[in-house]
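Chain by chain, the residues:
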Amino acid sequence: MKYLVFGSANIDKVYNVEEIVKKGQTISSSKQSIFAGGKGFNQAIALARSKTETYFAGCLGKDGDLLIDQLKKDNINTDYIKRSDNDCGHAIIQVDKNGDNSIIIAPGSNFEIYKEDIDNILLNFDKQDLILLQNEISNLKYIIDKAYELEMIIALNPSPYNDAINQIDLSKVDILLINEVEGKEISGYEDYEMILKVLHKKYPKMLVVLTLGSKGVSCINKEGIIYHKDAVLVRTVDTTGAGDTFTGYFISNFEKGLIEAIDIANKAAAISVSRQGASSSIPYKEEIK
Ligand code: RIB
């Protein structure tokens, strides 16, 4: 079974601020840093650090060498990365004194993934290989339709939520990893049990994993059984990439069983919020113990 993350890679420009800037305000940051990030990139790193052999597919711009170098350092297969003459995607990230963030994304080369690229890349994967997707690249719907035709296992983290998600036939998705915001958008409910029940009713074959930040994780399996696990609480430094860490570790450990996968992913996410940056904060498997 091969694990393919088909997704975004960004250069994260991080600004530490007292409070996230308000409308009309100009503020100074106390520290500025550049990190490798992007939801696809981070999730691939989390899979790889959890000791899963990982393939990453996406499109990097002319300034993407630092991203490729990091993927290679983490032993991720980079054969299916396309290069463009334009700039990479980047993210402007403010992190406040509580470790909370706000993010603006400029898609850059992440939006240069075309149907023919997808056809060529997916030729190398087949039935029962797993594809992990997010919503920061072009042609997401086409990728899902193709992967479904190939009978791949499809895991989707529909983040960030926008209209592209409404175009997707979610009945093609095997594993849906969402947070409360995405859960509300997709189900129409705020209450976490209602989110899970509504999604299960609509998509009975889908495993839904709902992350609730400091309130932990709840999920509903194909039998309609709800399982909840509290979060591991730590001192928060920076929450950026915690969801990606959870997703990568969950998918990597999924074959061990749902409860064990949630437990390991929860611990990995806790370590990640105690450190700065997105991919830079993702722990190695040895650290989880
Ligand atoms: O989930 C965190 C990521 O979101 C950051 O690395 C940033 O690039 C944005 O994609």
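That block above? That's the structure.
In every chain, residue numbers begin from 1 and rise along the written sequence. Local features in a predicted model are, by the rule used here, given only for residues with pLDDT of at least 70; side-chain atom pairs are given and counted only at 80 or more, and totals for whole chains, interfaces and linings are based on all residues. Computation of side-chain values covers all heavy atoms of the structure but excludes hydrogens and water.

## Some details on the side chain of Ser-279
Reasoning step 1: Counting from the N terminus, the helices are DSSP H or I runs at least four residues long and the strands are E runs at least two residues long. Mapped onto the elements, Ser-279 comes out in the loop between α9 (258-273) and α10 (285-288).
Reasoning step 2: Two residues form a contact once any of their heavy atoms are found within 4.5 Å. What Ser-279 contacts, discounting residues up to four positions off in sequence, is Ala-36, Gly-37, Phe-41, Asn-42, Ile-45 and Arg-49.

## Concerning the site of the ligand
Reasoning step 1: Taken together, Asn-10, Asp-12, Gly-37, Gly-38, Lys-39, Asn-42, Ala-91, Ile-103, Glu-136, Gly-241, Asp-244 and Ala-278 make up the full set of residues near the ligand.
Reasoning step 2: N or O atoms closer than or at 3.5 Å make up a polar contact, with two conditions inside protein: a donor-capable atom paired with an acceptor-capable one, and, for residues adjacent in sequence, both atoms drawn from side chains. In this structure, an oxygen atom belonging to the ligand sits 3.1 Å away from a side-chain N or O atom of Asn-42.
Reasoning step 3: Take Asp-244: an N or O atom from its side chain is 2.7 Å from an oxygen atom of the ligand.
Reasoning step 4: Accessible surface is estimated by sampling points in the Shrake-Rupley manner with a 1.4 Å probe; for residues, cover comes only from the protein chains shown. Burial of the ligand by the protein amounts to 96% of the accessible area it has alone, namely 280 Å².
Reasoning step 5: A 1.4 Å probe that fits into a set of points on a 1 Å grid over the protein atoms alone but cannot get out defines a cavity; an open set with protein on both sides within 12 Å along at least five of seven lines defines a pocket, and lining residues are those with an atom within 4 Å of a point. Molecule-in-pocket calls rest on the fraction of atoms, with more than half required to lie within 2 Å of the cavity or pocket grid points. In this structure, the ligand is accommodated by the largest pocket.
Reasoning step 6: Mapped by element, the contributors of at least two residues to the shell around the ligand are β2 (10-16) and α1 (39-49).
Reasoning step 7: As a working rule, the residues Ala, Val, Leu, Ile, Met, Phe, Trp, Tyr, Cys and Pro are called nonpolar, Asp, Glu, Lys and Arg charged, and the rest polar, with Gly in that last group. Class assignment for the residues of the shell around the ligand results in three nonpolar, five polar and four charged. We call a residue near a molecule or strand when any one of its heavy atoms sits within 4 Å of it.

## Quick look at the sheet that holds strand β6 (residues 89-95)
Reasoning step 1: Across the sheet, four strands lie side by side as β3-β2-β6-β7; this open sheet has mixed pairing. The strands lining the two open edges of the sheet, one partner per strand, are β3 (31-37) and β7 (101-106). Between one strand and the next, the sheet's axes are offset by a mean angle of 20°, whatever the strand orientation.
Reasoning step 2: The pairing criterion for strands is at least two bridges between them, as found by DSSP. Note that β2 and β3 share seven bridges and pair antiparallel. Bridge pairing in β3 places Lys-13 opposite Ile-34. To obtain an axis, a line is fitted to C-alpha atoms, over the contacting stretch when the element is a helix, and the angle between two such axes runs from 0 to 180 degrees between their N-to-C directions.

## Re the packing of α1 against helix α2 (residues 65-73)
Reasoning step 1: Between α1 and α2, whose axes approach to 10 Å, the crossing angle comes to 20°. Taken together, the axes of α1 and α2 lie roughly parallel to each other. In terms of crossing hand, the pair formed by α1 and α2 is left-handed. Contacts from Phe-41, Ile-45 and Arg-49 of α1 reach α2 at Leu-67, Gln-70 and Leu-71.
Reasoning step 2: Of the residues that constitute the contact of α1 with α2, the class distribution is four nonpolar, one polar and one charged. Here the angle decides the label: under 35 degrees means roughly parallel, over 145 means roughly antiparallel, 65 to 115 means roughly perpendicular, and every other value means oblique. Rotating anticlockwise by less than a right angle from the far helix to the near helix defines a left-handed crossing, while the corresponding clockwise rotation defines a right-handed one.

## A look at the layout of surface pockets
Reasoning step 1: Grid points are joined across faces, edges and corners, and a volume is the space filled by probe spheres set on the points. Computed from the structure, the largest pocket encloses a volume of approximately 1,300 Å³.
Reasoning step 2: Asn-179, Thr-211, Thr-239, Ala-242 and Gly-243 are, among the 48 residues lining the largest pocket, the residues nearest its centre.
Reasoning step 3: Examining the composition of the lining of the largest pocket, we find that five residues originate from one element, helix α8 (residues 242-253), more than from any other.
Reasoning step 4: Here the residues of the lining of the largest pocket sort into 23 nonpolar, 18 polar and seven charged.
Reasoning step 5: Volume-wise, the second largest pocket comes out at about 280 Å³.
Reasoning step 6: Every residue lining the second largest pocket is counted, 15 residues in all, and those nearest its centre are Tyr-148, Ser-171, Lys-172, Asp-174 and Lys-205.
Reasoning step 7: Considered class by class, the residues forming the lining of the second largest pocket number eight nonpolar, two polar and five charged.

## Remarks on the pattern of salt bridges
Reasoning step 1: One speaks of a salt bridge when a side-chain nitrogen belonging to Lys or Arg is within 4 Å of a carboxyl oxygen belonging to Asp or Glu. Under the criterion given, the structure shown has 18 salt bridges.
Reasoning step 2: The partner of Arg-49 in a salt bridge is Asp-74, and the shortest N-O contact between them spans 2.9 Å. Taken together, the residues span a long stretch of sequence, with Arg-49 in helix α1 and Asp-74 in the loop between α2 and β5 (77-83) at a distance of 25 residues. Each member of the pair, Arg-49 as well as Asp-74, carries the same accessibility label: buried.
Reasoning step 3: Among the charged side chains, a salt-bridge network with shared partners connects Glu-19, Lys-22 and Lys-97. We call a residue buried when its accessible area falls under 20% of the maximum for its residue type, exposed when it is over 50%, and partly exposed in between, using a 1.4 Å probe and counting protein chains only.

## What to know about the environment of Asn-42
Reasoning step 1: Tracing the sequence through the fold places Asn-42 in helix α1.
Reasoning step 2: Separated by 233 residues in the primary sequence, Asn-42 and Arg-275 place their C-alpha atoms 14 Å from one another.
Reasoning step 3: Other than its neighbours up to four places away in sequence, Asn-42 contacts Ala-36, Gly-37, Gly-241, Asp-244, Ala-278, Ser-279 and Ile-282.
Reasoning step 4: For Asn-42, the side chain forms a polar contact with the main-chain nitrogen of Ser-279, separated by 3.4 Å.

Everything listed here is a matter of geometry and, on its own, says nothing about what the molecule does.
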